[in-house]
Amino acid sequence: MLPFNPARRRAARLLLGASALAATPALALATPSQQAPEPDAPPSGPPERLRYAAADQASATVPGFPRVRFFGDSSEEFLRAVQGTSGAWLSLSSGGEDGAYGAGVLTGMSAAGTRPEFSLVSGVSTGALMAPYVFLGSRYDSALARNYTSVHAGDIFELVSTPESLFDTWPMKKLVERSITDAMIAAIADEHGKGRRLFVITTNLDAGRPVVWDMGAIAARGGRQARELFRDVLLASSSIPGFFPPVHITVEANGKRFTEMHADGAILRPFYVAPEALLAGASPMRLPASELYVLMNNKLTAEFSLTERSVPGVLARSISVAMKGALRGEIIRIAAAARSQRIGLRLSMVPPDFSFPAQGAFDPRYMQALFDLGVRHARSGSAFGGDAYAGTGVLLDG
């Protein structure tokens with residue numbers, strides 16, 4: 001363990017309060033007062049990794065789970081995975097504690113009777129942690145609301161370093177472990193059997209490529225191993241590089257076992273709809289979706305913030321700025337693809353004029369205000385309202 005540094009506490013506030021990559025404990029079913037203190041020191045880093053080559057990566061599979069993932073840039077594998085998922089698709093973006101807005105929007109849509117049963121739900125970072133609740137529908141709205149209005153930073157990370165990160169996320173790991181119950185796994189498996197799909201995206205740091213995990217296929221396997229893999233994928237998708245430790249996932253190929261290093265899915269995509277080749281204007285292939293909903297747990301507009309004069313502070317601010325730029329670029333790409341393929345597009349995002357004083361990272365009062373705003377927008381019909389194509393240009397210019 002590296003020594004505590006006061007600058008690390010300030011960096012944590014900046015990172016988790018402003019970064020588009022920040023992880024949100026959306027699966028926390030217990031309140032902070034219900035959590036027992038950790039009696040032991042945080043575990044040391046993972047053992048030395050077994051070296052492996054690109055040829056091994058190409059054929060690597062998770063033991064016992066042969067067809068539960070594919071590279072997110074593979075059009076052929078993507079189309080095979082989404083076969084039969086016509087109807088409305090929903091993409092949930094990164095955005096940290098601002099995921100409270102997305103939780104409010106979805107809850108408000110349920111109340112207004114305007115929420116579709118999405119045939120495909122994909123999530124990145126905080127969107128990944130929201131995704132299981134969203135996939136299972138309105139009966140999980142109360143849990144989703146609770147988790148985005150009552151969680152504190154201490155429920156997510158500890159201000160100590162690991163060999164691979166500035167902070168340790170053992171608290172979030174415990175929360176997710178308690179949240180992924182057998183009942184939830186069974187419910188997700190049932191929906192998967194009906195042809196619906198739940199995707200979570202991680203970044204394979206070794207391969208430098210996005211990985212799409214078919215969470216319904218994992219759930220359908222059942223048992224302790226399925227729960228553990230489900231948990232590990234969610235943690236990996238929300239592991240901010242450098243700040244939170246990556247997740248090592250054991251795989252096998254060519255007669256040997258080794259670990260891949262997976263981190264935040266938002267490193268490559270702030271939200272995920274499809275491989276880039278399928279979104280290109282010249283592509284002859286078409287998405288089976290009839291309508292695309294993109295819920296951005298963030299603002300698109302740049303915001304002034306005095307950068308902390310420290311390595312963690314500069315890194316956190318740089319990640320935040322970079323991810324907002326990536327978010328704007330991805331919106332342009334998706335809007336062009338949807339128009340070309342004549343697919344309806346609906347966008348929702350945190351309003352640029354939203355302002356509420358937050359007392360540190362994951363302030364429940366801040367999240368409650370943002371959640372309530374999302375509910376009001378959904379009930380009034382303005383959350384996904386307007387001409388998405390025309391609105392895209394106006395928002396990006398602004």
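Everything discussed here concerns the structure shown above.
An account of the accompanying structure is given in this report. Given the structure is predicted, the values throughout are model-derived calculations rather than measurements.

### A closer look at the overall build of the protein chain
- The helix and strand tally for the protein chain stands at 14 helices and nine strands.
- Taking the contacts inside the protein chain whose residues are at least 6 apart along the sequence as the reference set, 80% of them involve residues at least 24 apart.
- Summed over its atoms, the accessible surface of the protein chain is roughly 16300 Å², and 53% of this surface lies on carbon and sulfur atoms.

### Topic: the pairing of strand S8 (residues 289-296)
- Extensive coverage of S8 is indicated by the burial of six of its eight residues.
- Pairing of strand S2 (residues 87-92) with S8 involves six bridges; the strand directions are parallel. Counted as the bridge partner of Leu-90 is Tyr-293 from S8.
- As defined by bridge partners, S8 adjoins strand S9 (residues 344-349) across six bridges and the pair is classed as parallel. For Leu-295, the partnering residue across the bridge sits in S9 and is Ser-348.
- Of the crossover connections in this fold, the one passing from S8 over helix H12 (residues 311-340) to the parallel S9 is right-handed.

### Looking at the nonpolar core
- In terms of nonpolar packing, the biggest core is built from 73 residues, with Trp-213 and Ile-218 touching the most fellow members.
- By residue number, the principal contributor to this core is helix H13 (residues 364-380), which donates eight residues.
- Discounting chain neighbours no more than four positions away, the residues touching Trp-213 are Val-62, Val-68, Arg-69, Leu-198, Phe-199, Val-200, Thr-202, Ile-218, Leu-229, Val-233, Ile-249 and His-262.
- In terms of nonpolar packing, the next biggest core, distinct from the first, is built from 42 residues, Phe-70, Ala-274, Ile-319 and Met-349 among them.

### What about the packing of aromatic side chains?
- Using the criterion set out here, one finds nine aromatic pairs in the structure.
- An angle of 70° between the planes, with centres 6.1 Å apart, marks the rings of Phe-78 and Trp-89 as edge-to-face. A residue pair is termed long-range when its members are at least 10 positions apart, and Phe-78 in helix H3 (residues 75-81) and Trp-89 in strand S2 qualify at eleven residues. For the pair Phe-78 and Trp-89, one class covers both residues: buried.
- Summarising the aromatic geometry, the rings of Tyr-133 and Tyr-140 are spaced 5.8 Å apart at their centres and angled 50° between planes, so their arrangement reads as tilted. There is no split in this pair, since Tyr-133 and Tyr-140 are both buried.
- A network of ring pairs unites the aromatic residues Phe-70, Phe-78, Trp-89, Phe-199 and Tyr-272 as a single cluster.

Conventions and cut-offs
- Residues numbered from 1 in each chain as written.
- Predicted model: local features only at pLDDT ≥ 70, side-chain atom pairs only at ≥ 80, totals over all residues.
- Heavy atoms only, no water.
- Helix = DSSP H or I, 4+ residues; strand = E, 2+ residues; numbered from the N terminus.
- Contact = heavy atoms within 4.5 Å.
- Areas by Shrake-Rupley, 256 points an atom, 1.4 Å probe, with all protein chains shown as cover.
- Buried < 20%, exposed > 50% of the residue type's maximum accessible area, 1.4 Å probe, protein only.
- Pairing = 2+ DSSP bridges.
- Right-handed = clockwise from strand over helix to strand, strands pointing away.
- Core = buried A, V, L, I, M, F, W, Y, C linked by side-chain atoms within 4.5 Å.
- Phe/Tyr/Trp six-rings, centres within 6.5 Å; stacked < 30°, edge-to-face > 60°.

Honestly, that's just the spatial picture; any functional story needs more than this.
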